[in-house]
Amino acid sequence: MSPCGDTTGLPGENDPDQIDVTVIGGGLAGMAASIHLVRDGLRVLCIEADIADPTPVGESLDWSAPDLLANLGFPMQRLIDEGFGTWKRHVILRLADGTTAEYVPGEWLSQPPFNIELRTLHVDRVRLNAAVRKIAVREGVRILHDRVNEIDTRGRTVVSVTTAKGARISSPWFIDASGSARLFPRKFNLPASDYGPPKVAIWTYFTVTESVEGTTLHAEGDCPTYMDWVWEIPVHPDMLSIGAVSRGEAIKALRASGQSVDDVFRNQLERFPRFRELIRSVPAISTSITSYRCRVHRQIFGPNWLVAGEAAAMVDPMTSNGVTAALRHASEAAGLVSKYRQRHRIPWLAGALYSRRIQDVARFFNCGIEKVIYDGPIRNTIGVKTAGDVYTIPAWSLNNVYARVSPKGIVSSLFICVLLGTFRAVATVTHAFCKYDQAYCEAGS
Ligand SMILES: Cc1cc2nc3c(=O)[nH]c(=O)nc-3n(C[C@H](O)[C@H](O)[C@H](O)COP(=O)(O)OP(=O)(O)OC[C@H]3O[C@@H](n4cnc5c(N)ncnc54)[C@H](O)[C@@H]3O)c2cc1C
C-alpha cells in the first residue's frame, strides 16, 4: 500500500483487519458516510482519486439538505457566518421575455404543527468540500489519495480493491461513493433506468456588485419541445455561478460547426437580456464543462457493500436534490453497516429496502422534472410558470415527508414508496394525455 496526499495513519499491507469499511470516493456522499461510520466506532479508509477537484458542482441546495449538513457539524448559520454560502429563500423562474414566477414555501409552514425551516442555502462547494474533509480527518477517517482501478469479488461479495499505485485494500465492508464513475454498478452490471437525453452543462463564475437572494432559473418562454435552461446561483454575495444546460446532441452540433465551448456558453447566455451586459463586460471567460445522463440503478447492495450518492442515482441538477440525495444515502448506508457490523452481512430485506428507497426517490424527481418541465406536452399545455408549481409543490412536500418519516423499516419504506409511485403514475398519465391531446389538435388543424 502506498499512502500519499493527506493520508493519515494507514495500516500496513499485512494489517487489512485494521480497516472496517473502505469508502470509495471522497465527494460529499463518501465523506459524509465516512464521518457517520467513524462516529459509530468503525475504522474507515476513504479512497479519493482527485482530492483537489477545483470545479465541484451542486451549489443550490434544496430544503432538506441543511439538516443533513447540520448532522455533519455544519448548521446553516455557521455556513453563512463563515462565508461558505448565501441564503436561498426561493427559486425564481425568469423567462427570456423578462417575466418571472417565484416559488417560495408558504409562511404558514413555519408555524406549528409543521415548524418547517423556510430557508436553505447556496454553497461554495470548493470550500464546503474542503471543510467536510477536514472534519472527516479530525474525526479519524483515513484518506488515501489514489484511484481504485480493480474490484476483486467472490460471487456478490467484494473482497478487495486495488488502486492505480498498486495498493490492495481488503476490508469486511465497502461503500461505493464514486459518483459518475459508478464503480460497483459497472462491476456488477446493475440494472438501470435512464431519464431524459444526455445533457451538457457549461458554467463559470462572475464577480458582481449585488445578487438576488435565491436561485434563478432562466428559460425560453416560447414553447420549446425540450427545455434548455441557465442557472444563476449566488454562491457568495458578490459571486455568481452561472451555468447553461442543454441536450448533448445540440452541443455536439454546435461544436461540430466550429464553436468553442466558451463561444457556445456566450451564445447561450446572450439569449437572456439579464446576462447580455454581464457577458459583454468580460473580455475572456474560462468555462468548465461536464456531460451527464440521469440514471437510476437498482439492486445497489450486496452482502458486504452498498452504493451511495450519484454512483447509485443521478438526479437532474434542476431538482437541486443531488446534495440532499448524497447526504441522505450516506447516512442510511452508514447506518446499515453500523447496525449489521457484527453479522458481517446486510440482511437481504434491509438492503432491498435501502435500494428501493433510493431508487424510488430518484425516479420520482427525474420522472417529475422530465415529464412536467423538460418535455413539452404538460409544460406547453399549462404554461411553464404553472408547470413550475405542478413540479415544485409535490417535490418539496415529498422531500419534507421523507425527512419527517425518516423511513428505515418495512412499513415506513413502503409508505414512502407508494406515495412516490402514485405521483409518478399521475405525471406519466398526464404527460401521455397532454401528448395525445396535442397530437390530436395538430392533426385536426
Ligand atoms: C452540472 C451539474 C449541476 C448540479 N447542480 C446541483 C445543484 O445545484 N444542487 C444539488 O443538490 N445537486 C446538483 N448536482 C448534483 C450534485 O452535484 C451531485 O449529486 C453530488 O455532488 C454527488 O455527490 P457524490 O459524492 O455522490 O459524487 P461526487 O461529488 O462526484 O464524488 C465522487 C468522488 O469519487 C471520486 N472517484 C471517482 N472514481 C474514483 C476511483 N476510481 N477511485 C477513487 N475515487 C474515485 C471522484 O474523484 C469524486 O471526488 C449537479 C450535478 C451536475 C452534473
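Higher on the page you've got the structure.
Overview of the structure. (Residues numbered from 1 in each chain as written. Predicted model: local features only at pLDDT ≥ 70, side-chain atom pairs only at ≥ 80, totals over all residues. Heavy atoms only, no water.)

### Here we look at the nonpolar core
Thinking step 1. Core analysis: the biggest nonpolar cluster contains 118 residues, and Leu37, Ile175 and Phe184 have the highest contact counts within it.
Thinking step 2. Per-element tally for this core: the top contributor is helix α10 (residues 348-374), with 13 residues.
Thinking step 3. With sequence-adjacent residues up to four places away left out, phenylalanine 184 is seen in contact with Ile24, Ile151, Val158, Phe174, Asp176, Asn189, Leu190, Trp305 and Val307.
Thinking step 4. In terms of nonpolar packing, the next biggest core, distinct from the first, is built from 18 residues, Val230, Ala244, Phe275 and Ile279 among them. (Core = buried A, V, L, I, M, F, W, Y, C linked by side-chain atoms within 4.5 Å. Buried < 20%, exposed > 50% of the residue type's maximum accessible area, 1.4 Å probe, protein only. Helix = DSSP H or I, 4+ residues; strand = E, 2+ residues; numbered from the N terminus. Contact = heavy atoms within 4.5 Å.)

### A few points about the sheet that holds strand β10 (residues 168-170)
Thinking step 1. Strands sit in the order β8-β9-β10 across an open sheet of three strands; the sheet is antiparallel. A single partner strand is all that each edge strand has here, and the edge strands are β8 (148-154) and β10. Going across the sheet, the axis of each strand differs from the next one's by a mean of 25°, ignoring polarity.
Thinking step 2. In this structure, strand β9 (residues 157-163) lies alongside β10, joined through three bridges in antiparallel fashion. The residue of β10 that forms the bridge with serine 160 is serine 170. (Pairing = 2+ DSSP bridges. Axes fitted to C-alpha atoms, helices over the stretch in contact; angles between N-to-C directions.)

### Re the packing of aromatic side chains
Thinking step 1. This model, assessed by the stated rule, comprises eleven aromatic pairs.
Thinking step 2. A ring pair is formed by tryptophan 229 and tryptophan 231, whose centres lie 6.1 Å apart and whose planes are at 50°; its orientation type is tilted.
Thinking step 3. The buried category is assigned to tryptophan 231, whose relative accessible area is 8%.
Thinking step 4. Taken together, the ring pairs in this structure connect Phe184, Phe188 and Trp305 into an aromatic cluster.
Thinking step 5. If you follow arginine 119 out to its NZ or CZ, it ends over the ring of tryptophan 87, 4.1 Å from the centre.
Thinking step 6. When the ring centre of phenylalanine 188 is taken as reference, the NZ or CZ atom of arginine 156 above it lies at 5.4 Å. (Phe/Tyr/Trp six-rings, centres within 6.5 Å; stacked < 30°, edge-to-face > 60°. Lys NZ or Arg CZ within 6 Å of the ring centre and 35° of its normal.)

### Describing the site of the ligand
Thinking step 1. The environment of the ligand is made up of 34 residues, and the closest members are Glu48, Ser60, Val148, Glu310 and Val323.
Thinking step 2. A distance of 2.9 Å is found between an oxygen atom of the ligand and a backbone nitrogen or oxygen belonging to alanine 29.
Thinking step 3. Glutamate 310 places a polar main-chain atom, nitrogen or oxygen, 2.8 Å from an oxygen atom of the ligand.
Thinking step 4. Coverage of the ligand by the protein chains reaches 89% of its 1000 Å² of free accessible surface.
Thinking step 5. The element best represented in the shell around the ligand is helix α9 (residues 322-339), accounting for three residues.
Thinking step 6. Its residues placed into classes, the shell around the ligand shows 17 nonpolar, ten polar and seven charged. (Near = heavy atom within 4 Å. Polar contact = N/O pair within 3.5 Å; in protein donor to acceptor, adjacent residues only side chain to side chain. Areas by Shrake-Rupley, 256 points an atom, 1.4 Å probe, with all protein chains shown as cover. Nonpolar A, V, L, I, M, F, W, Y, C, P; charged D, E, K, R; others polar.)

### Quick notes on the side chain of glutamate 220
Thinking step 1. Counting through the fold element by element, glutamate 220 comes out in the loop between β13 (215-219) and β14 (229-236).
Thinking step 2. Judged by its relative accessible area of 19%, glutamate 220 is buried.
Thinking step 3. Here arginine 271 takes part through its side chain, which lies 2.9 Å from a polar atom of the side chain of glutamate 220.
Thinking step 4. If we skip the residues at most four places from it in the chain, glutamate 220 touches Leu95, Ala96, Arg271 and Phe272.

### Describing helix α4 (residues 125-139)
Thinking step 1. Given a rise of 1.5 Å per residue, 15 residues ought to cover 21 Å, and the 21 Å separating the end C-alpha atoms of α4 matches this to within 8%.
Thinking step 2. Of all the residues in α4, the buried ones are Arg125, Leu128, Asn129, Ala131, Val132, Arg133, Ile135 and Ala136.
Thinking step 3. By the N-cap criterion, in which a side-chain oxygen at the helix start approaches the backbone nitrogen of a residue two or three places on, α4 is capped by aspartate 124, the distance to valine 126 being 3.1 Å.
Thinking step 4. Of the residues trailing α4, glycine 140 is marked for its positive phi of about 110°. (Expected span 1.5 Å × (residues − 1).)

### A look at the pattern of salt bridges
Thinking step 1. What the rule picks out here adds up to 16 salt bridges.
Thinking step 2. Ionic pairing is found between arginine 78 and glutamate 82, a salt bridge with its closest N-O pair at 3.2 Å.
Thinking step 3. Overall, the relative accessible area of 39% leaves glutamate 82 in the partly exposed class.
Thinking step 4. Put simply, aspartate 360 and arginine 356 hold a salt bridge, and the shortest N to O gap is 3.4 Å. You can see aspartate 360 and its partner arginine 356 sitting in helix α10, four residues apart, about one turn around the helix.
Thinking step 5. Residue classification places arginine 356 among the partly exposed residues on the basis of a relative accessible area of 39%. (Salt bridge = Lys/Arg side-chain N within 4 Å of Asp/Glu carboxyl O.)

The values are spatial; any link to function lies outside them.
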